[in-house]
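Here are the chains, one letter per residue:
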Amino acid sequence: MKTICRILSIALILGLVSFKGFSQDYNTAIGLRGGWHYGLTVKHFVNSTDALEGLLVTGRGGSELTVLYERHATAFGIDKLNWYYGAGGHIGVWDRGPWFNEDKRETHTVVGVDGILGLEYNIGDIPFNISVDWKPELNFVGYSGFWGGDGALSIRYTF
């Protein structure tokens, strides 16, 4: 876990050092998120670089509602390709049966914090974007622990 925290810290520091602003290509987007957790995603920009994203997902024996605050910037100098990072929190319900290789089923309400690091491409000719991200989470309440394997591909309609 220390290694993962170091990697995230280095990525955040590099991002802050190399950050340059841009004007986003849309104000709000809604779509589907597919990965270990799958469901709905809604992203809304609050200014030219910062967005709020809400995720309503299911999978891995449970469901979660996540809210993230994200900072966006142009990636690799490529028009319409942006990288983003951020943090937020989640609340959900997990069933600890077969997903955790356990015989006894137990349901837990979980509360925790999330990070996110991703790339997003805004398709120019049609109002869609596609993104890929990594979203580690740490549960403090319920089935506590660190979950670093949550990544996803999202496709959103932009307006």
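About the cut-offs
- Residues numbered from 1 in each chain as written.
- Predicted model: local features only at pLDDT ≥ 70, side-chain atom pairs only at ≥ 80, totals over all residues.
- Heavy atoms only, no water.
- Helix = DSSP H or I, 4+ residues; strand = E, 2+ residues; numbered from the N terminus.
- Buried < 20%, exposed > 50% of the residue type's maximum accessible area, 1.4 Å probe, protein only.
- Areas by Shrake-Rupley, 256 points an atom, 1.4 Å probe, with all protein chains shown as cover.
- Pairing = 2+ DSSP bridges.
- Salt bridge = Lys/Arg side-chain N within 4 Å of Asp/Glu carboxyl O.
- Contact = heavy atoms within 4.5 Å.
- pLDDT = per-residue confidence, 0-100.

Description of the overall build of the protein
Secondary structure summary: the protein contains 1 helix and 10 strands in total. Across the protein, helices and strands are ordered from the amino to the carboxyl terminus as α-β-β-β-β-β-β-β-β-β-β. Evaluated residue by residue, the protein yields a buried proportion of 41% over its 159 residues. Carbon and sulfur atoms form 67% of the exposed surface of the protein, whose accessible area is close to 8500 Å².

Here's the deal with the pairing of strand S4 (residues 62-74)
Looking at chain direction, strand S3 (residues 50-59) and S4 are connected through 10 bridges and run antiparallel. Bridging from a neighbouring strand, Val57 pairs with Glu64 of S4. Count of turn residues in the S3/S4 antiparallel hairpin: 2 residues, of which Arg60 carries a positive phi of about 55°. Relative to strand S5 (residues 81-95), S4 is paired through 13 bridges, and the arrangement is antiparallel. Paired with Tyr69 across the bridge in S5 is Ala87.

Digging into the pattern of salt bridges
A side chain of one charge can pair with a side chain of the opposite charge when the charged atoms of the two come close. Applying the stated criterion to the full structure yields 9 salt bridges. Its salt-bridge partner being Glu137, residue Lys135 comes within 2.9 Å of it at the nearest N-O pair. Exposure class is identical for Lys135 and Glu137. Each is buried. Where salt bridges share partners, they join Lys43, Glu53, Glu70, Glu120 and Arg156 into one cluster.

Quick look at the pairing of strand S1 (residues 28-35)
Where S1 lies against strand S2 (residues 38-45), 6 bridges are found, and the strand directions are antiparallel. Bridge pairing in S2 places Leu32 opposite Leu40. Count of turn residues in the S1/S2 antiparallel hairpin: 2 residues.

Comments concerning the environment of Thr158
As for its position among the elements, Thr158 is in strand S10 (residues 151-158). Its relative accessible area of 13% is what places Thr158 among the buried residues. For the pair formed by Thr158 and His44, sequence separation is 114 residues and the distance between their alpha carbons is 9.8 Å. Contacts of Thr158, omitting those with residues within four sequence positions, involve Tyr26, Thr28, Ala29, Pro127, Phe128 and Asn129.

A word on the environment of Ala51
On the secondary structure map, Ala51 appears in strand S3. Take Ala51: its relative accessible area is 0%, and that puts it in the buried class. The sequence separation of Ala51 and His72 amounts to 21 residues, and the corresponding C-alpha distance is 7.7 Å. Apart from residues no more than four positions distant in its own chain, Ala51 is found in contact with Lys43, His44, Phe45, Val46, Leu68, Tyr69, Glu70 and His72.

What to know about the confidence of the model for the protein
A residue-level look at the protein finds 79% of positions with pLDDT of 70 or above and a mean pLDDT of 84. This stretch, residues 12-22, has a pLDDT under 50; its non-local contacts, to residues over four places away or in other chains, come to 16 contacts.

What about unusual backbone geometry?
The backbone of Phe76 sits at a positive phi, close to 55°, despite the residue not being glycine. Position of Phe76 relative to the elements: it lies in the loop between S4 and S5. Positive phi values are uncommon outside glycine, yet Lys80 reaches one of about 75°. One can find Lys80 in the loop between S4 and S5.

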